Amino acid sequence: MDSPGFSSLDLPKMEKADLGFFFPEFEGFITDCKFNGCLHSHEPHCGVKKAVQQGLISGDRYQNYLAFLEEVTQQERRY
Ligand SMILES: [Zn+2]
């Protein structure tokens, strides 16, 4: 499995917005996101989601990202 270098079990404490830094291939598409601080999950007009649909970003990587996003969201609730 292609992972950003850590498992969800030892995920460092971070903000949701920091997660994108672990997915450098998203970077070129984030500029297409309509909203600053877009988390690329439920937001409309998201450059990353568009790139996934066009096959420019691997769907597996995107699912991986969503899984981590969920993890960080739960972590934020915990603290
Ligand atoms: Zn986005």
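Residues numbered from 1 in each chain as written. Predicted model: local features only at pLDDT ≥ 70, side-chain atom pairs only at ≥ 80, totals over all residues. Heavy atoms only, no water.

Draft legend 1. How the structure looks around the environment of Ser41. By the secondary structure assignment, Ser41 is in the loop between helix H1 (27-30) and helix H2 (47-53). Sequence separation between Ser41 and Tyr65 is 24 residues, and the spatial gap between their C-alpha atoms is 9.3 Å. Setting aside anything within four residues of it in sequence, one finds Ser41 in contact with Lys49, Tyr62, Leu66 and Leu69. Here the side chain of Ser41 touches His42 through a polar contact of 3.3 Å, side chain to side chain. (Helix = DSSP H or I, 4+ residues; strand = E, 2+ residues; numbered from the N terminus. Contact = heavy atoms within 4.5 Å. Polar contact = N/O pair within 3.5 Å; in protein donor to acceptor, adjacent residues only side chain to side chain.)

Draft legend 2. Representation of the coordination of the zinc ion within the structure. Coordination of the zinc ion by the protein comes from Cys33 (SG), Cys38 (SG), His40 (ND1) and Cys46 (SG), over a distance range of 2.0 to 2.3 Å. Its 4 donor atoms give the zinc ion angles of 106 to 114 degrees at the centre, a pattern that matches the tetrahedral case. Read N to C, the donor residues that coordinate the zinc ion are spaced as C-x4-C-x1-H-x5-C. For the residue pair Cys38 and His40, the accessibility class agrees, reading buried in each case. (Donors = N, O, S within 2.8 Å, 3.2 Å for Na, K, Ca; no water. Tetrahedral: all angles 85-135°; square planar, octahedral: opposite > 155°, others 65-115°. Buried < 20%, exposed > 50% of the residue type's maximum accessible area, 1.4 Å probe, protein only.)

Draft legend 3. The environment of Tyr62, seen in detail. When you line up the elements, Tyr62 lands in helix H3 (residues 59-78). Placed 21 residues apart in sequence, Tyr62 and Ser41 show a C-alpha to C-alpha distance of 9.5 Å. Once you skip the residues sitting within four places of it in the chain, Tyr62 turns out to touch Phe26, His40, Ser41, Val48, Lys49 and Val52.

Draft legend 4. View of the packing of aromatic side chains. Following the criterion strictly, the structure yields 5 aromatic pairs and no others. Seen in terms of ring centroids, Phe26 and Tyr65 are 5.2 Å apart; in terms of plane orientation they differ by 65 degrees. Their pairing is edge-to-face. One end of the pair, Phe26, is in the segment before H1; the other, Tyr65, is in helix H3, and 39 residues separate them in sequence. On the accessibility criterion, Phe26 (0% relative accessible area) is buried. On the basis of relative accessible area, Tyr65 is assigned to the buried category, the value being 1%. Centroid distance Tyr62 to Tyr65: 6.4 Å. Interplanar angle 20 degrees. Geometry classified as stacked. With Tyr62 and Tyr65 both in helix H3 and 3 residues apart, the pair spans about one turn of that helix. There is no split in this pair, since Tyr62 and Tyr65 are both buried. (Phe/Tyr/Trp six-rings, centres within 6.5 Å; stacked < 30°, edge-to-face > 60°.)

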